[in-house]
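Reading the structure
Here are the chains, one letter per residue:
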Amino acid sequence: MEVGFLGLGIMGKAMAANLLRHGFRVTVWNRTLSKCQELVALGAAVGETPAAVVAKCRYTIAMLSDPSAALSVVFDKDGVLEQIGEGKGYVDMSTVDAATSCKISEAIKQKGGAFVEAPVSGSKKPAEDGQLVILAAGDKVLYDDMVPAFDVLGKKSFFLGEIGNGAKMKLVVNMIMGSMMNALSEGLSLADNSGLSPQTLLDVLDLGAIANPMFKLKGPSMLQGSYNPAFPLKHQQKDMRLALALGDENAVSMPVAAASNEAFKKARSLGLGDLDFSAVYEVLKGAGGSGKA
Ligand SMILES: NC(=O)C1=CN([C@@H]2O[C@H](COP(=O)(O)OP(=O)(O)OC[C@H]3O[C@@H](n4cnc5c(N)ncnc54)[C@H](OP(=O)(O)O)[C@@H]3O)[C@@H](O)[C@H]2O)C=CC1
Ligand SMILES: O=CCCC(=O)O
C-alpha cells in the first residue's frame, strides 16, 4: 500500500518509520523539509509540498501540531485541497477540535475526496511500537481502506461515527490525563514538603487501585527533574484549552480541568512548553513548601 505522510514531528516521524518497516511505500513531507532526510534513509520518498504528496498518493495521513497547522496544510497555497478529489482519501491524525475537523471534512468532500479524522491515544514509544489507540470517525469506506495502515500504527482502532466524534473523544481522554498529571504533581509535592519520600509515594501508588502506566513511567523521571519530551507540554495545554471549550459549548462544569489548565499555562509562561508535559511538576512543586506557617 502506498501512503503520503505530512508532519514528521515526534509522532509523525515514528509513525511513518513504522509504516516503512512494515512494507508500506511512504512519501513524506514536513514544513521543515530537512527533517525528511531521516525517513529517506529508511526508504521514504519526499514530496516538495502537501499538494505534491496528495497528487502522488491515493491515501495521505497527516500528524500536525494543532488546529492552525492542520488548517494551513489543507487550505494554504500548495495545500492538500489543490490535489484532493475523487478516489483520494485524507486522514488527519492530529489532535484538533471538532470544528476544525468538520471544516476540513467539508472542504475535502466538496472536492469529491474522502476524509477520516483519527487522533490517537499513546505517545512516542507506542508510536514507535505500533501500539497506539486510534479514535477514528468520518467516511466509513475510507476507514475500512485504512485498516491495514491502522493495524500497523495501533493496537486497537475505534470507529466512532460522524466527524467530530474522534476529536471529541481524544479531547476528553487528554483532559483526564492532564488533570491526572496535575494530581500526581501535587501529590509528589505534598509528600516531599511534609517530610515523606516521594519515591515511596510512587511505590505505594503503584500497588493500589490508582496504579497506572503514566504514573509508573513519568513519576521516576519527574523526581529526577528530567523532562525529555515525549508529549510536549504546549500540546497538552492546547488539548486542555480545546477540552474546556468543548465543556463551554455543552455547559459542562470542569473545575478540576480548569485548574489544571492554569498550571499548564503557567508552565508555558515559564518557558517549559517544549519539555514533556510532566514538567508541570516544576510549577506545582514551586507553588508550595515554604515551610509551616
Ligand atoms: N507527542 C505525543 O505524545 C502525542 C501527540 N499527539 C498529537 O499529535 C500531534 C503531533 O504531535 P507531536 O508529533 O508530538 O508534535 P511535534 O511538535 O513534535 O510536531 C509537530 C509537527 O507539526 C508541524 N507543524 C507545526 N506547525 C505547522 C504549520 N503551521 N504548518 C505545517 N506544519 C506544521 C511541525 O513541522 P516542523 O518540523 O516544521 O516544526 C511538525 O512536523 C499534535 O496534535 C499532538 O497533540 C497525540 C498523541 C500523542
Ligand atoms: O496526546 C497525547 C497523548 C499521550 C498519551 O496518551 O500518552
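Residues numbered from 1 in each chain as written. Chains lettered and ligands numbered in written order. Predicted model: local features only at pLDDT ≥ 70, side-chain atom pairs only at ≥ 80, totals over all residues. Heavy atoms only, no water.

If you check an unreviewed UniProt entry, the protein chain appears there as 6-phosphogluconate dehydrogenase NADP-binding domain-containing protein from Oryza nivara. Taken directly from UniProt, the Sequence similarities (unreviewed entry) text for the protein chain runs: "Belongs to the HIBADH-related family. NP60 subfamily." (UniProt positions renumbered as here; feature names shortened; annotations may be inferred.)

The next thing to look at is the packing of aromatic side chains. Scanning all chains against the criterion turns up 4 aromatic pairs. A centroid spacing of 5.7 Å and a plane angle of 45° characterise the contact between Tyr 143 and Phe 150, whose relative ring orientation is tilted. In terms of burial, Tyr 143 and Phe 150 fall into one category: buried. Members of the aromatic cluster, joined through ring pairs, are Tyr 143, Phe 150 and Phe 159. (Phe/Tyr/Trp six-rings, centres within 6.5 Å; stacked < 30°, edge-to-face > 60°. Buried < 20%, exposed > 50% of the residue type's maximum accessible area, 1.4 Å probe, protein only.)

Glancing now at the pattern of salt bridges. Per the counting criterion, the structure on display carries 12 salt bridges. For the salt bridge of Glu 2 with Arg 25, the shortest nitrogen-to-oxygen distance reads 3.6 Å. A residue pair is termed long-range when its members are at least 10 positions apart, and Glu 2 in strand β1 (residues 2–6) and Arg 25 in strand β2 (residues 25–29) qualify at 23 residues. Note on Arg 25: relative accessible area 51%, which makes it exposed. (Salt bridge = Lys/Arg side-chain N within 4 Å of Asp/Glu carboxyl O. Helix = DSSP H or I, 4+ residues; strand = E, 2+ residues; numbered from the N terminus.)

This part covers the site of ligand 2. As a structural note, the neighbourhood of ligand 2 is formed by Ser 121, Gly 122, Ser 123, Lys 170, Asn 174, Met 177 and Phe 231. Lys 170 is positioned with one of its side-chain polar atoms (N or O) 2.8 Å from an oxygen atom of ligand 2. At 2.8 Å from an oxygen atom of ligand 2 is found a side-chain nitrogen or oxygen belonging to Asn 174. Contact with the protein chains covers 82% of the free accessible surface of ligand 2, which is 250 Å². Examining the composition of the shell around ligand 2, we find that 3 residues originate from one element, helix α8 (residues 165–193), more than from any other. Broken down by class, the residue content of the shell around ligand 2 amounts to 2 nonpolar, 4 polar and 1 charged. For the shell around ligand 2, the domains that each give at least three residues are domain 1 (2–163) and domain 2 (168–287). (Near = heavy atom within 4 Å. Polar contact = N/O pair within 3.5 Å; in protein donor to acceptor, adjacent residues only side chain to side chain. Areas by Shrake-Rupley, 256 points an atom, 1.4 Å probe, with all protein chains shown as cover. Nonpolar A, V, L, I, M, F, W, Y, C, P; charged D, E, K, R; others polar. Domains from an automatic or database assignment.)

In this section: the layout of surface pockets. Over the atoms, a rolled probe matching the size of one water molecule traces out where space is still vacant. Roughly 190 Å³ of volume is contained in the second largest pocket. What lines the second largest pocket is a set of 13 residues, among which Leu 8, Gly 9, Lys 13, Glu 38 and Leu 39 lie closest to the centre. (1 Å grid on protein atoms, 1.4 Å probe; cavity = no way out; pocket = protein on both sides within 12 Å on 5 of 7 lines; lining within 4 Å. Points joined across faces, edges and corners; volume = space filled by probe spheres on them.)

Now for the UniProt feature "domain: 6-phosphogluconate dehydrogenase NADP-binding" (unreviewed entry) in the protein chain. The feature "domain: 6-phosphogluconate dehydrogenase NADP-binding" (unreviewed entry), as annotated in UniProt, sits at residues 2–161 in this numbering. Spanning residues 2–161, this segment combines 41% helix with 24% strand, and its end C-alpha atoms are found 25 Å apart.

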